[in-house]
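# Structural description and commentary
Here's the letter readout for the chains.
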Amino acid sequence: MDNEKEKKTGRPEKFVEFVIGLCQKDKGAAAALRRADNPATEYQSWEYLAGFNIDLENPFERIPYATIAAAISRAKAERNGSAGIGKAIAYCYDDKSASDQAKARLRRLLACDSVKEACRILRPLFSLIDSKAAVTIDYSRLLKDLIDFGYDSNKVKTKWATDFYRHAAESATEEVEA
Amino acid sequence: MHNRFNLIDEPWIPAVGKGFASLGDIFSDPDIPALGGNPVQKIALTKLLLAIGQAACTPESTEALEQLDAETFRRACRAYLEKWRDRFWLFGERPFLQMPAVRRLIEERKQTELKAVPAAPAKKKEDAEKKAEENALPRPIGTGFFPDLPAENNTILSQFQLLETTEPAEMALFVVTLMNFAFGGKRIEKNLAPLTHGFTGKSVSAKAGPSIGNYVGYLHSFLTGPTLTDTLLLNLLSREQIRDNPYWKSGLGKPPWELMPEGEDCVAANHLKNSYMATLLSLSRFVLLDGEAIYYVEGLQYPSHKEGWREPGMTISDQEKQLKVLWVDPDKRPWRELPSMLAFLESSENKGFECQFIRYGLTRATRKHPQVGIWSGGLRVSANSGDQSVKQDNDFVESLFLFRSSEIGKPWYDRFKLEMESLDQLSRKVYAATRSYFDKQNMDGGDLASNASGLFWQLCERRFPELVDACGEPDKLPAIRKATAALALQSYDTYCPKETARQIDAWAECRPNFAKHFINNR
């Protein structure tokens, strides 16, 4: 039972590792995965997703995995980061979580009703974070959140929002101490 | 009129485990644990018993008071009651705490009113005569008359409401309660001549009983011991202690049943007003029980705390320019005032708030009993131009705080004070966080914020005994702190929903972060 549970919790981490490794070794795979978050070209990545035993018929599973795979291959990430999505959004702006634009972005994300919508909103956010924030996203945690989104979206959203504001507070105290 | 219902023999005092007890029972049964009734009745009865105790045996010095044991005290009280037995009749020639002269005043007023009746027409004359007769009748004790009652059309049923009563036992309790806790206002017999010739102090509106105060109601506190006799002994003062107090100019004084005043301004009245006895048993109303009803006239007028009224049960701070008193507040439970009441533990000199009963008796109490308690309570009233009533969220408040005698001391107090301050800080954080949560959404959340911090205090109350114990054993403190921080977050979450995007956003932004709280307190 314990073993099974471990396997279950470990799956998102393993997937992130698998995608990072795959993108570094295989340019073709990386190119296919980059298209995974576009419904029109998504089918090209199915081959690799299926290789990881992902249930392609189930959109609640397929879409989060595809979104994260696309994000990793676009960002050319070399390893899994540590920043939550909330922190990453805040770090895109100079004022961090005090910035109105950051707040608007977060609020849009919090307003999502389904995992499908959340993934659609996340897509442009990834490119924003890539270009502006000096942090790497913790992809495996985000993937886990997206999978959980369907069960308890409220919990996931509060987690994201807390992440957004908590890091702002910490950095503020650091500044004061420095 | 023959004597009836002697308070020394008839059961009328609500006592825990006994139902009703007589004054004789109270001073002969050593096992009665405590008084019953509502908080105001408890205070009034404790004071009556203390008045008997003080009159029967007040030790000269504080050392003698320490030596006084329960059995000697009870014996002295019994002997005293026996000596004054004929003054404890509720009905009769000299009814207990009542003024038979009131009947004469009422009769005089009736005659004056009858004289003023118009001679014609016959209908009008008859009506006016009927009215004069009716005015002269005593009022039933209960709805519409009893000052503790809200208006008759009040739809909320509360503990402080009283049904009409014709039981002598309840009437006795009512008379005793009334003496110190009569509500100020216009519900008295009007247009009466004063009993002291030439007295001009009376107005349409009667002054409030001194123990309720002219404002919203003082908070009263006593020390409590394992039995009722112990409780009385702990709150007994010595003559030395009474003399030390400049506010009681005529010293201990005589209890009113020994020497009833004849009027509002006679020698006996003035002596009583300035004595310690007045704080235990004042005569703020002149009443007379008549059959099953009562006449109710304004009695002696007492000053408020600003003009020098001091009761040993009140908690007062006169360190600053402005005198401060602790009031009864149903929103703020009395246990939250404990750091103020125990402030003298911190240093020997007087700093801030002080309650004399606790200050005088606590060391004695901790030496005598393994566990002592502090009882606090009172009734919150609303005052409107001198007219007091119980309305809206006014209510009785009482709380009993027990602690182990071995722990009490400066180190315990220092920790306890620190913990209470940190609770206070948490509650302020909950308030501020809830308020800013609503501000973020352009709403006014002032009321909800006070509700949230109120909820926090309510949740804490259950953990309070643990906190008191933990202050004696500091190892347990971190667990308590963690628990109270969790309660603070729980209160915040209860009042700040997180359903929509905007709510989640505001919720996360304003949610208090207690990581620092623990670091600072470590």
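As the structure is a computational prediction, the values presented were derived from the model and not from experiment.

### Some thoughts on the sheet that holds strand E15 (residues 396–404) of chain B
One key point about sheets: their strands pair by backbone hydrogen bonds, in either a parallel or an antiparallel sense. Residue and element names in this part refer to chain B. Here we have 3 strands laid out as an open sheet, ordered E6-E12-E15, and antiparallel in their pairing. Sheet topology places strand E6 (220–224) and E15 at the edges, where each strand pairs with a single neighbour. Ignoring strand direction, the axes of neighbouring strands in this sheet form an average angle of 15°. For strand E12 (residues 371–379) and E15, the ladder comprises 9 bridges, and the chain directions are antiparallel. Residue Trp-375 lies in a different strand from E15, and its bridge partner there is Leu-400. Sitting on the sheet, helix H13 (residues 356–368) is in contact with E6, E12 and E15, with an inclination near 15° to E6.

### As for the pairing of strand E8 (residues 293–298) of chain B
Residue and element names in this part refer to chain B. Within E8, 6 of the 6 residues are buried, which leaves the element mostly enclosed by the surrounding structure. Both faces of E8 are covered, namely the face carrying Ala-293, Tyr-295 and Val-297 and the face carrying Ile-294, Tyr-296 and Glu-298. Direction of pairing for strand E5 (residues 139–140) relative to E8: antiparallel, over a ladder of 2 bridges. Of the residues in E8, the one forming a bridge with Arg-139 is Ile-294. Where strand E7 (residues 285–290) meets E8, 6 bridges bridge the pair, whose relative direction is antiparallel.

### Considerations on the nonpolar core
Ranked by size, the top nonpolar core spans 147 residues in total, and within it Trp-12, Leu-23, Phe-88, Leu-342, Trp-412 and Phe-416 of chain B carry the most contacts. Broken down by element, the residue count for this core peaks at 11 residues, all from helix H15 (residues 446–472) of chain B. Residue-level mapping places this core at the junction of two domains, with at least three residues from each of domain 1 (4–94 + 209–404) and domain 2 (415–510) of chain B. Once residues lying within four places of it in the same chain are set aside, the contact partners of Trp-412 of chain B are Leu-342, Leu-345, Phe-401, Glu-407, Val-468, Cys-471 and Gly-472 of chain B. Of all hydrophobic cores here, the second largest spans 67 residues; its members include Ala-71, Ile-85, Ile-129 and Ile-137 of chain A.

### Some details on the domain arrangement of chain B
Residues and elements named next belong to chain B. In terms of domain boundaries, chain B breaks down into domain 1 (4–94 + 209–404) and domain 2 (415–510). For domain 1 versus domain 2, the distance between C-alpha centres works out to 37 Å. Tallying the contact residues gives 10 residues for domain 1 and 11 residues for domain 2. For domain 1, the biggest contributors to the area lost against domain 2 are Trp-335, Arg-336 and Pro-339; these three give 58% of the whole. Seen at the junction of domain 1 and domain 2, the total is 3 salt bridges.

### Considering the confidence of the model for chain A
For residues with low pLDDT, the predicted coordinates do not support detailed interpretation. Summarising the model, chain A shows a mean pLDDT of 84, and 88% of its residues fall at 70 or more. In this model, residues 171–178 of chain A is a region of pLDDT below 50 whose contacts with residues beyond four sequence positions or in other chains number 2 contacts.

### Some details on the interface of chain A and chain B
Of the residues lining the interface, 13 residues belong to chain A; the matching set on chain B comes to 11 residues. Summing both partners gives a buried area of about 1100 Å² for chain A against chain B, and 60% of it is carried by carbon and sulfur. Seen at the junction of chain A and chain B, the total is 2 salt bridges. A salt bridge links Glu-509 of chain B to Lys-103 of chain A; the shortest N-O distance between them is 3.5 Å. At the boundary of chain A with chain B, the tally comes to 5 residue pairs in polar contact (both at pLDDT 80 or more). No other element matches helix H9 (residues 153–177) of chain A, which puts 8 residues into the side of chain A that touches chain B. The class makeup of the residues in the side of chain A that touches chain B is 5 nonpolar, 4 polar and 4 charged.

### Some remarks on the sheet that holds E8 of chain B
Residues and elements named next belong to chain B. Reading across the sheet, the 3 strands line up as E5-E8-E7 and stay open at both edges, with antiparallel pairing between neighbours. With one partner strand each, in any of the chains shown, E5 and E7 form the two edges of the open sheet. Relative to the sheet, helix H5 (residues 101–115) contacts E7 and E8, its axis offset from that of E7 by approximately 85°. Where helix H7 (residues 168–181) meets the sheet, its contacts fall on E7 and E8, and the angle it forms with E7 comes to roughly 170°.

### Topic: the packing of aromatic side chains
Tallying each qualifying case throughout the model produces 28 aromatic pairs over all chains. Pairing Phe-222 of chain B with Phe-357 of chain B gives two aromatic rings, centres 5.5 Å apart and planes at 40°, and the pair type is tilted. Taken together, the positions of Phe-222 of chain B in strand E6 and Phe-357 of chain B in helix H13 put the pair 135 residues apart, joining distant regions of the chain. Taking relative accessible area as the criterion, Phe-357 of chain B reaches 2% and is therefore assigned buried. Geometrically, the ring pair formed by Trp-248 of chain B and Tyr-276 of chain B is tilted, given 4.6 Å between the ring centres and 50° between the ring planes. Taken together, the residues Trp-248 of chain B in the loop between helix H9 (239–243) and helix H10 (267–273) and Tyr-276 of chain B in helix H11 (residues 276–280) connect sequence positions 28 residues apart. Look at Trp-248 of chain B and you get buried, because its relative accessible area is 5%. Residue classification places Tyr-276 of chain B among the buried positions, given a relative accessible area of 0%. We note Lys-96 of chain A situated over the ring of Tyr-91 of chain A; from NZ or CZ to the ring centre the distance is 4.7 Å. One Lys or Arg, Lys-498 of chain B, reaches over the ring of Trp-507 of chain B and ends 4.9 Å from the middle of that ring.

### Quick look at the pattern of salt bridges
Per the stated rule, a full pass over the model turns up 40 salt bridges over all chains. Taking the shortest distance from any N to any O, the salt bridge between Arg-141 of chain A and Asp-138 of chain A comes out at 3.5 Å. You can call Arg-141 of chain A partly exposed: its relative accessible area is 33%. A relative accessible area of 14% places Asp-138 of chain A in the buried class. One salt bridge in this structure joins Glu-473 of chain B and Lys-476 of chain B, with 3.3 Å as the shortest N-O distance. Classification of Lys-476 of chain B by relative accessible area gives partly exposed; the value is 43%. Each member of the salt-bridge network shares a partner with another, and the members are Arg-404, Glu-407, Asp-469, Glu-473 and Lys-476 of chain B.

Calculation notes
Each chain has its residues counted from 1, running along the sequence as written. Labels follow written order: the first chain is A, the first ligand is 1, and so on. A pLDDT threshold of at least 70 governs which residues receive local features in this predicted model, and a stricter bar of 80 or more applies before side-chain atom pairs are shown or counted, although totals over entire chains, interfaces and linings include all residues. As a rule here, side-chain values come from all non-hydrogen atoms in the structure, and water together with hydrogens is ignored. Strands were regarded as paired on the criterion that DSSP finds at least two bridges between them. The way it works is that DSSP assigns letters per residue, a run of H or I at least four long becomes a helix, a run of E at least two long becomes a strand, and they are numbered from the N terminus. In this analysis an axis means a line fitted to C-alpha atoms, helices contributing only their contacting stretch, and an angle means the value between N-to-C directions, from 0 to 180 degrees. Here, two residues are considered to be in contact whenever any of their heavy atoms come within 4.5 Å of each other. Each residue's exposure class comes from its accessible area (1.4 Å probe, protein chains only) as a fraction of the maximum for that residue type: buried when under 20%, exposed when over 50%, partly exposed otherwise. The nonpolar core is taken to be a set of buried Ala, Val, Leu, Ile, Met, Phe, Trp, Tyr and Cys residues, with the residues joined through side-chain atoms within 4.5 Å. As annotated, the domain borders come from an automatic or database domain assignment. Put simply, buried area is the surface a 1.4 Å probe can reach on two separate parts but cannot reach once they are joined, added for both. Salt bridge, as used here, is a side-chain nitrogen of Lys or Arg placed within 4 Å of a carboxyl oxygen of Asp or Glu. What pLDDT reports is the predictor's confidence in each residue, on a scale of 0 through 100. Identification of polar contacts relies on pairs of N or O atoms within 3.5 Å, with a donor-acceptor requirement for protein atoms, meaning one able to donate a hydrogen and the other able to accept it, and with residues adjacent in sequence counted only if both atoms are side-chain atoms. Only Asp, Glu, Lys and Arg are considered charged in this grouping, and only Ala, Val, Leu, Ile, Met, Phe, Trp, Tyr, Cys and Pro are considered nonpolar; every other residue, Gly among them, is considered polar. Note on aromatic contacts: the rings of Phe and Tyr and the six-membered ring of Trp form a pair at centre separations within 6.5 Å, being stacked when their planes are under 30 degrees apart, edge-to-face when over 60 apart, and tilted otherwise. Criterion for a charge above a ring: Arg CZ or Lys NZ at most 6 Å from the ring centre, at most 35 degrees from the ring normal.

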